[in-house]
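Structural features, examined
One letter stands for each residue in the lines below.
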Amino acid sequence: MLDSLPTHPRCRIVGVLDDGIASLSANALLHIQNAQMIIGARRTLEIFQNHITPTAEQRPLSGALSQVPEWIRAAQSDGLRVVVLATGDPLCYGIAAYLAAHLCIEAIEVIPNVSTLQLACARLGMPWQQMKFSSVHAKDAGEWTQGSDASHGMYGLMQDIRQHARLAILTGPDNAPDRIARMLVIEGLQDDYEMAVCERLCQDEERIVTDMSVAAAAEMRFGDPNVMLLWRTDMQREPVLFGLADDQFHQRHPEKGLITKQEVRAVSLARLQLRADSIVWDIGAGSGSVGLEAARLCRRGHVYAIEKNPEDSQIALSNWRQFSLSNYTLVHDKAPAGMEHWPAPDAIFIGGSGGELNELISLCLQRLRPNGKLVMNFVTLENLSTAIIALKMADAEWDVISLQASRSKPILHMHRMAAENPVWLVCAQAKVDI
């Protein structure tokens, strides 16, 4: 109802650019000139210093984001007109979403400008509706290493790069274009993308840097602030996500390798109940076939794999490189070493164990998220028996599937069916207390 709306003046969140009032509407400028409290980055406040009334209280935003909602509440309760200066479009990786979440929506009004991402696209004549917008304008993430997970500040950007052909990226002083270029080199993508950097947009020193390779950009420095554009040199077909053939994986030969065969792998992945953002553990990774296929399915998730055998670990590593995935971490060690540091999983696959099956099952059931799935593959009666006893002792919900596939093979001018080894799939989850 109208009489329930707050009576204090709304806080105006005004989008501004480095050209000062040149890109502002008359209405936006009027709000700045009439503000009794104005909040913004120091550099932005300096740009608008001649248009802020001398009696207005100015509060620098740097390092004080968490205090801003309370500043606004206090000022509004005193009947003051408040303006927050934000770069470009305040709702595009800007402060407006944060303030909307911490203040009632009626307490604010967003007055957007053109985002710097749009400006960068305009400078190069690239339609921005085709771009994936991404941002690493945050604290220093450190240099990228292959296998980094979501704890790394550039992990989200790396996943965006894997999944999109065109990107516009808000950089930061630390997470700059040269660092992003080095990340691409580490991931083997330096030849897959072209790039451009738009420096100091709307300033006298504005510069658009193009015609450089990713490898060259990794050794360059760019003027701050800047926006980076990335686009693929060749459009790629969407990859097959599920049911890859066995011969698409490197493996030990002859018949000595550890690979979960296609038919068993398909059923195992189905029973894991994966989602796009699932966290998956792959214990006893072998060639890595299950974990790598899971990583292709869980594009917004991550797979943590461990393999103790040195030769198989190297094979899994070569498969990882072949499939060009950045949401996969491979550890060469004996489970459960180091797994206490892994994030809680939505799904766990056990393809092999080194005699510690009881301990692994107990650990997995403890760490699984609610309704998480544990799937184990066994080819021996002894391991099957050990697993079932451990699940009963843990009072877990479980079932067993027996799979035995036969594949056609030529014999003279005809074909016969050749049986693969039978495999037991033990599927389990911890009981949920009601």
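Residues numbered from 1 in each chain as written. Predicted model: local features only at pLDDT ≥ 70, side-chain atom pairs only at ≥ 80, totals over all residues. Heavy atoms only, no water.

Quick look at the overall build of the protein now. Scanning the protein from terminus to terminus reveals 13 helices and 19 strands. The C-alpha atoms of the protein give a radius of gyration of 28 Å, which is well past the 22 Å a tight globule of 434 residues would have. C-alpha atoms of the protein, sized along the principal axes, occupy 90 × 55 × 35 Å. Looking at the protein residue by residue over its 434 residues, the buried ones come to 46%. Long-range contacts, defined here as pairs at least 24 residues apart, represent 70% of the contacts in the protein between residues at least 6 apart. On the protein, roughly 21600 Å² of surface is accessible, and the fraction owed to carbon and sulfur atoms is 51%. If you average the places of the 39 positive and of the 50 negative side-chain charges in the protein, the two averages end up 4 Å apart. (Helix = DSSP H or I, 4+ residues; strand = E, 2+ residues; numbered from the N terminus. Rg over C-alpha atoms; globule rule 2.2 N^0.38 Å. Buried < 20%, exposed > 50% of the residue type's maximum accessible area, 1.4 Å probe, protein only. Contact = heavy atoms within 4.5 Å. Areas by Shrake-Rupley, 256 points an atom, 1.4 Å probe, with all protein chains shown as cover. Lys, Arg positive; Asp, Glu negative; His and termini not counted. Charge placed at Lys NZ, Arg CZ, Asp CG, Glu CD.)

A separate point is the pattern of salt bridges. Here the structure, examined in full by the defined rule, presents 24 salt bridges. For R12, the salt bridge identified is with E109, shortest N-O distance 2.9 Å. Taken as a pair, R12 in strand 1 (residues 11-16) and E109 in strand 5 (residues 108-111) lie far apart in primary sequence, 97 residues in all. For E109, a relative accessible area of 25% puts it in the partly exposed group. R369 is the salt-bridge partner of D346, the closest N and O atoms lying 3.2 Å from each other. Of this pair, D346 sits in the loop between strand 13 (328-332) and strand 14 (347-350) while R369 sits in the loop between helix 12 (357-367) and strand 15 (373-378), placing them 23 residues apart in sequence. Relative accessible area serves as the criterion here: at 23%, D346 is assigned to the partly exposed category. What makes R369 partly exposed here is its relative accessible area of 35%. (Salt bridge = Lys/Arg side-chain N within 4 Å of Asp/Glu carboxyl O.)

This next bit is on the packing of helix 12 against helix 13 (residues 381-393). In the contact formed by helix 12 and helix 13, the axes pass within 9 Å of each other and the chain directions differ by 40°. Judged on the interaxial angle alone, helix 13 and helix 12 are oblique. Both helix 12 and helix 13 take part in a crossing whose hand is right-handed. Mapping the contact onto sequence places L357, N358, I361 and L365 in helix 12 and N383, T386, A387, A390 and L391 in helix 13. Counted by class, the contact of helix 12 with helix 13 contains six nonpolar, three polar and no charged residues. (Axes fitted to C-alpha atoms, helices over the stretch in contact; angles between N-to-C directions. Parallel < 35°, antiparallel > 145°, perpendicular 65-115°, else oblique. Left-handed = near helix turned anticlockwise from the far one by under 90°. Nonpolar A, V, L, I, M, F, W, Y, C, P; charged D, E, K, R; others polar.)

Pairing within the open sheet is parallel, and its five strands lie in the order 3-2-4-1-5. Each edge of the open sheet is held by one strand with a lone partner, namely strand 3 (57-60) and strand 5. Ignoring which end each strand starts from, the neighbouring axes of this sheet average 20° apart. As paired strands, strand 2 (residues 37-40) and strand 3 are joined by four bridges and run parallel to one another. Each bridged residue has a counterpart across the sheet, and for I39 the counterpart in strand 3 is R59. Running at roughly 120° to strand 1, helix 1 (residues 26-34) makes contact with strand 1, strand 2, strand 4 (82-87) and strand 5 of the sheet. Along the sheet, helix 3 (residues 68-77) contacts strand 1, strand 2, strand 3 and strand 4; its crossing angle with strand 2, the most-contacted strand, is approximately 170°. (Pairing = 2+ DSSP bridges.)

This next bit is on the side chain of T329. Looking at where T329 falls in the secondary structure, it is placed in strand 13. Look at T329 and you get buried, because its relative accessible area is 15%. A polar atom in the side chain of T329 sits 2.6 Å from the backbone oxygen of G147. Of note is the side chain of T329, whose polar atom sits 2.7 Å from the side chain of H302. For T329, the residues in contact, after removing those within four places along its chain, are G147, D149, H302, V303, Y304 and A305. (Polar contact = N/O pair within 3.5 Å; in protein donor to acceptor, adjacent residues only side chain to side chain.)

This next bit is on the nonpolar core. I283 and M376 are the most contacted members of the largest nonpolar core, which has 29 residues in total. Of all the secondary-structure elements, those providing two or more residues to this core are strand 11 (279-283), strand 12 (302-307), strand 14, helix 12, strand 15, helix 13 and strand 19 (423-429). Top element by residues in this core is helix 12. It accounts for six residues. The contact partners of I283, leaving out residues within four places of it in the chain, are I306, A335, M339, I348, F349, I350, G351, G352, L360 and C364. Formed by 28 residues, the second largest nonpolar core is a distinct cluster that contains L244, V264, L292 and F323. (Core = buried A, V, L, I, M, F, W, Y, C linked by side-chain atoms within 4.5 Å.)

With that settled, the discussion passes to the sheet that holds strand 14. Reading across the sheet, the seven strands line up as 13-12-11-14-15-19-16 and stay open at both edges, with mixed pairing between neighbours. The outermost strands of the open sheet, each flanked by one partner alone, are strand 13 and strand 16 (397-403). Sheet twist, expressed as the mean angle between neighbouring strand axes with direction ignored, is 15°. The strands touched by helix 12 are strand 11, strand 14, strand 15 and strand 19; relative to strand 15, the strand with the most contacts, the crossing angle is about 160°.

Moving on: the packing of aromatic side chains. Per the counting criterion, the structure on display carries five aromatic pairs. For the pair W128 and F133, a centre-to-centre distance of 5.8 Å together with 35° between the ring planes defines the contact as tilted. By relative accessible area, W128 is classed as partly exposed at 42%. Put simply, the rings of W281, Y304 and W342 touch in pairs and so form one group of aromatic residues. Across from the ring centre of W71, 4.9 Å away, lies the NZ or CZ of R59, which sits over that ring. (Phe/Tyr/Trp six-rings, centres within 6.5 Å; stacked < 30°, edge-to-face > 60°. Lys NZ or Arg CZ within 6 Å of the ring centre and 35° of its normal.)

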